[in-house]
Amino acid sequence: MDTEFVPRERVRSLTAVLSVVSLAVVFSAAGGRVPQSAVPAAPAWILELIPHLNVALSATAIVTITIGWRAIRRGAVVTHRRAMLGSFALFVTFLGLYLYRLVATGGPASFPGPEQVYLYVYLPVLAIHIFLAVVCIPLLYYVLLLALSRPIAALRRTAHARVGRFAATLWLISFSLGIVVYLLGYVIY
């Protein structure tokens, strides 16, 4: 797939616009600025199922990111591209479900465990997870748009590989910490 889907000169500006819009949506939903009436109502069992689906999406994304990373190290560009596009699709699905549940339920779920665990384990892990997810958004858009703006051979002359390695590392850590947050909030407590 060597077709240019995004004009080269628009990569940075599109990255900025997509990042700002995405983060505005996320922070609006997380901050309670999106009314529950903005999303269709769902039965309670669906809302209860979403965190479990999201942990499965996160675990699958860890696998696909790892496959993509290993594929590019072996020079398997097509496998890399498919794995990373799949990872991005998993991320978008995760985020869509997460935001839907957040808005539909009126906010984040409360932590059911002890206060000490909440303060000294859960909140720090959650904060790092959220910080990394926020940092990843513009990086992911940037490497994706670079890949869509150039033929494969021309990507070597861009920051795609360098930024991509950094983004993938942060993405893996963020997904992993998200699983820890899930385990603390839904399995252990």
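Residues numbered from 1 in each chain as written. Predicted model: local features only at pLDDT ≥ 70, side-chain atom pairs only at ≥ 80, totals over all residues. Heavy atoms only, no water.

**What to know about the side chain of Asn54**
Phase 1 of the analysis: Structurally, the position occupied by Asn54 is in helix H2 (residues 44–73).
Phase 2 of the analysis: Setting aside its immediate chain neighbours within four residues, Asn54 contacts Phe94, Leu97 and Tyr98. (Helix = DSSP H or I, 4+ residues; strand = E, 2+ residues; numbered from the N terminus. Contact = heavy atoms within 4.5 Å.)

**Re the confidence of the model for the chain**
Phase 1 of the analysis: Of the residues in the chain, 98% reach a pLDDT of 70 or more, and the chain-wide mean stands at 95.
Phase 2 of the analysis: By mean pLDDT, helix H1 (residues 11–30) is the weakest element of the chain at 96, and H2 is the strongest at 98. (pLDDT = per-residue confidence, 0-100.)

**Concerning H2**
Phase 1 of the analysis: For H2, spanning 30 residues, the distance from its first C-alpha to its last is 44 Å, which sits close to the expected 44 Å at 1.5 Å a residue.
Phase 2 of the analysis: Taking the largest bend as the criterion, H2 deviates by roughly 30°, centred on Ile50, and proline Pro51 comes between one and four positions later.
Phase 3 of the analysis: Following H2 by one or two positions, Gly75 has its phi on the positive side, about 85°. (Expected span 1.5 Å × (residues − 1). Bend = angle between axes of the 7 residues up to and from the residue.)

**Some words on the packing of helix H4 (residues 115–149) against helix H5 (residues 160–188)**
Phase 1 of the analysis: Two elements in contact, H4 and H5, have axes whose closest approach is 7 Å; the angle formed by their N-to-C orientations is 150°. Both H4 and H5 take part in a crossing whose hand is left-handed.
Phase 2 of the analysis: When the residues that make up the contact of H4 with H5 are grouped by side-chain class, the tally is 25 nonpolar, 5 polar and no charged. (Axes fitted to C-alpha atoms, helices over the stretch in contact; angles between N-to-C directions. Left-handed = near helix turned anticlockwise from the far one by under 90°. Nonpolar A, V, L, I, M, F, W, Y, C, P; charged D, E, K, R; others polar.)

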